[in-house]
Amino acid sequence: MSGPAGATPHASSRSAVLDVIRAAGTISRVGIVHATGFTGATISTVVRRLIDDGLVVETGRAESTGGKPRVLLQLNHAARHAVGVHLDHAGITYALTDLSGSVIARMSRAGAGATGPEEVVARMAREIDALIEGVGVDRGKVLGVGLVSPGPLTRAGGMRLTPPSMRQWEDFPLDQALSRATGLPVVLDNDATAAALGEHWSGGVGSASTFAALYMGSGIGAGLLINGIAYRGASGNAGEIGHICLEMEGPECWCGARGCTEVLAGPGAVVAAARENAALARAAGLTGDPDRSRPSVAADFAAVTRAARRGDAQARALLERSARYLAVAARTFANVMDLEELVLTGPSLALAGSVYLPVVREELERAFFARATHAVTVRLSPSAATAPAIGAAATVLQSELIPLREGLRLPENLSASEPGAASRV
């Protein structure tokens, strides 16, 4: 289980049943029959094995509708765990989740910086050990580590064309090195795709069949889910809206193109513009050597955001300009994929989402091509700051336990099939 998770694993009746139980929160065997189309005998056999394996437990009964109350099932949340790691130049975020994707523990540590990959991987292994041991989780119940980072990724498990801040990671076998250091299986994925999967796994997406997470950390990307299955493209690099061209003669981007969303709207662009304005630079605390006064573009972007919150009109204008560019890229992506729901997420949007959300929402309401047929729901993720790490753990859970089958659609309201059954929010 290593390398980019480039294809949906072969599914089984077991994985389909487990996924229905996960999505429903609580559901009866009859409800699972209705949700999957499997026979009652198949459901009885699969559920019995899931209970024997400790993955599912019986939890009370539904309200009676005239007959014998149905026994309800739910995941045994403590049965398995997964670790999610978001590796970035600015910081490394860790999350330990249970089987439902709920976070048990999380922590943030110094980023990759200029340190060599081997040394960073050794430190990550120590920090993963500390995370697991700190909450007393049985290591034998940890399925693996989900490791996510900015793209693009390669099939060999490295970053072939990296942002300037992480050039020393080119072609480094990241997943293999971390697996050796931790003794755990490692799944490598794109941070934006992981953020989208985390929203889905935690139940935050609803019934949208075409859903995307627009991610902004140090860069910009998007993760795409179609019928609950992450679409990753040929090499795991689908959704790179940060490299949609918005100005043909615009500034050159690190990817080699010109006028990309990232070079016009990303945190680096906001910080560079703020530094060019002496008054704003002083107000935001950006004065001095940009390479020494602050540890990263992320910290500088946070400083500009704080200035905007204090009422600095120039800081807010820079953020709104960035938001307008991002909104145009979001509209392009929504038009191409005919999105039903878009979630804004990532550390930068966790800071400045209140500025970006209304701009993106207005752009899609005004100019989304299929708006006469359906709207695109746009919202800010409640876990935007740590979404990639949470999604990385969800990548492990899905890969190990619930590989999805093309064509399986969960009912829009699973709780409606169970009178009195509680649904997860």
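Our subject is the structure that appears above.
The structure displayed is predicted, hence computed values, not measured ones.

### Things to note about helix 5 (residues 174–182)
- For helix 5, the complete set of buried residues consists of Leu 174, Asp 175, Ala 177, Leu 178 and Thr 182. The buried residues of helix 5 occupy an angular sector of 165° when the element is viewed end-on, so they sit on one face.
- Looking at the packing, one finds that the buried side of helix 5 touches strand 4 (81–87), helix 4 (117–134), strand 7 (142–149) and strand 8 (186–190).
- In the stretch just after helix 5, Gly 183 is the one whose phi turns positive, near 75°.

### What to know about the packing of helix 4 against helix 5
- Contact geometry for helix 4 and helix 5: axes closest at 9 Å, N-to-C directions at 50°. In terms of axis orientation, helix 4 runs oblique to helix 5. Crossing angle aside, the handedness with which helix 4 passes helix 5 is right-handed. Facing Val 121, Met 124, Ala 125 and Ile 128 of helix 4, the residues of helix 5 in contact are Leu 174, Ala 177, Leu 178, Ala 181 and Thr 182.
- Grouping the constituent residues of the contact of helix 4 with helix 5 by class yields eight nonpolar, one polar and no charged.

### With respect to the pairing of strand 10 (residues 220–226)
- With six of its seven residues buried, strand 10 lies for the most part within the structure.
- Between the antiparallel neighbours strand 9 (residues 210–216) and strand 10 lie three residues.
- Relative to strand 11 (residues 229–231), strand 10 runs antiparallel, the two being bridged by three bridges. Paired with Leu 225 across the strands is Ala 230, a residue of strand 11.
- Connecting strand 10 to the antiparallel partner strand 11 that follows it, the hairpin turn spans two residues, and Asn 227 within it adopts a positive phi of roughly 55°.

### What to know about the sheet that holds strand 1 (residues 27–28)
- A sheet is described by the order of its strands in space; here three strands give the open sequence 1-3-2, paired in antiparallel fashion. Two strands bound the open sheet, and with one partner strand each, they are strand 1 and strand 2 (56–61).

### Some remarks on the pairing of strand 4
- In terms of burial, strand 4 is a largely internal element, seven of the seven residues being buried.
- Burial along strand 4 is two-sided: the face carrying His 81, Val 83, Val 85 and Leu 87 and the face carrying Ala 82, Gly 84 and His 86 are both buried.
- Bridge count for strand 4 against strand 5 (residues 91–98) is seven bridges, and the pairing is antiparallel. Bridging across to strand 5, Ala 82 finds its partner in Thr 97.
- Linking strand 4 back to strand 5 in an antiparallel pair, the connection comprises three residues.

### Considering the packing of helix 6 (residues 191–201) against helix 13 (residues 387–401)
- Here helix 6 crosses helix 13 at 75°, and the two axes come no closer than 7 Å. Put simply, helix 6 runs roughly perpendicular to helix 13. For the pair helix 6 and helix 13, contact is made by Asp 191, Ala 194, Ala 195, Leu 197, Gly 198 and Trp 201 and by Ala 387, Pro 388, Gly 391, Ala 392, Ala 394, Thr 395, Leu 397 and Gln 398, respectively.
- In terms of residue class, the contact of helix 6 with helix 13 is built from nine nonpolar, four polar and one charged.

### Observations concerning the sheet that holds strand 11
- A sheet is described by the order of its strands in space; here five strands give the open sequence 11-10-9-12-13, paired in mixed fashion. Of all the strands in the sheet, the pair left with one neighbour each is strand 11 and strand 13 (377–380). Averaged over all pairs of adjacent strands, the angle between their axes in this sheet comes to 25°, without regard to strand direction.
- In this structure, strand 9 lies alongside strand 12 (residues 341–345), joined through five bridges in parallel fashion. Within strand 12, the residue paired with Tyr 215 across the bridge is Thr 345.

### A short note on the pattern of salt bridges
- Inspection of every chain in the model, using the stated rule, returns 13 salt bridges.
- One salt bridge connects Glu 363 with Arg 331, and the closest N-O pair in it is separated by 2.5 Å. Placement of the pair is Glu 363 in helix 12 (residues 347–367) and Arg 331 in helix 11 (residues 313–337), with a sequence separation of 32 residues.
- Shared partners join several salt bridges into a network, and the residues in it are Arg 331, Glu 362, Glu 363 and Arg 366.

### Points about helix 8 (residues 267–276)
- Of the residues making up helix 8, those classed as buried are Pro 267, Val 270, Val 271 and Ala 274. Buried residues of helix 8, viewed axially, fall in a sector of 95°; they line one side.
- On its buried side, helix 8 packs onto strand 9, helix 7 (261–265), helix 9 (278–284), helix 10 (297–309), helix 11 and helix 12.

### What to know about the environment of Gly 60
- Mapping Gly 60 onto the fold places it in strand 2.
- Discounting chain neighbours no more than four positions away, the residues touching Gly 60 are Arg 70, Val 71 and Leu 72.

### Examining the nonpolar core
- Counting residues in hydrophobic clusters, the biggest one holds 45 residues, and the most contacted among them are Leu 342 and Tyr 356.
- No other element matches the 10 residues that helix 11 contributes to this core.
- In this structure Tyr 356 touches Met 216, Ala 265, Val 270, Phe 301, Leu 319, Ser 322, Ala 323, Leu 326, Leu 344 and Leu 349, once residues within four positions along its chain are discounted.
- Of all hydrophobic cores here, the second largest spans 38 residues; its members include Ala 35, Leu 75, Ala 79 and Leu 225.

### As for the state of the cysteines
- Under the counting rule described, the total for this entry stands at zero disulfides.
- The cysteine Cys 253 is free of any disulfide, with Cys 255 supplying the nearest cysteine sulfur at 3.8 Å.

About the cut-offs
Residues numbered from 1 in each chain as written. Predicted model: local features only at pLDDT ≥ 70, side-chain atom pairs only at ≥ 80, totals over all residues. Heavy atoms only, no water. Buried < 20%, exposed > 50% of the residue type's maximum accessible area, 1.4 Å probe, protein only. Helix = DSSP H or I, 4+ residues; strand = E, 2+ residues; numbered from the N terminus. Arc of directions from axis to C-beta. Contact = heavy atoms within 4.5 Å. Axes fitted to C-alpha atoms, helices over the stretch in contact; angles between N-to-C directions. Parallel < 35°, antiparallel > 145°, perpendicular 65-115°, else oblique. Left-handed = near helix turned anticlockwise from the far one by under 90°. Nonpolar A, V, L, I, M, F, W, Y, C, P; charged D, E, K, R; others polar. Pairing = 2+ DSSP bridges. Salt bridge = Lys/Arg side-chain N within 4 Å of Asp/Glu carboxyl O. Core = buried A, V, L, I, M, F, W, Y, C linked by side-chain atoms within 4.5 Å. Disulfide = S-S within 2.5 Å.

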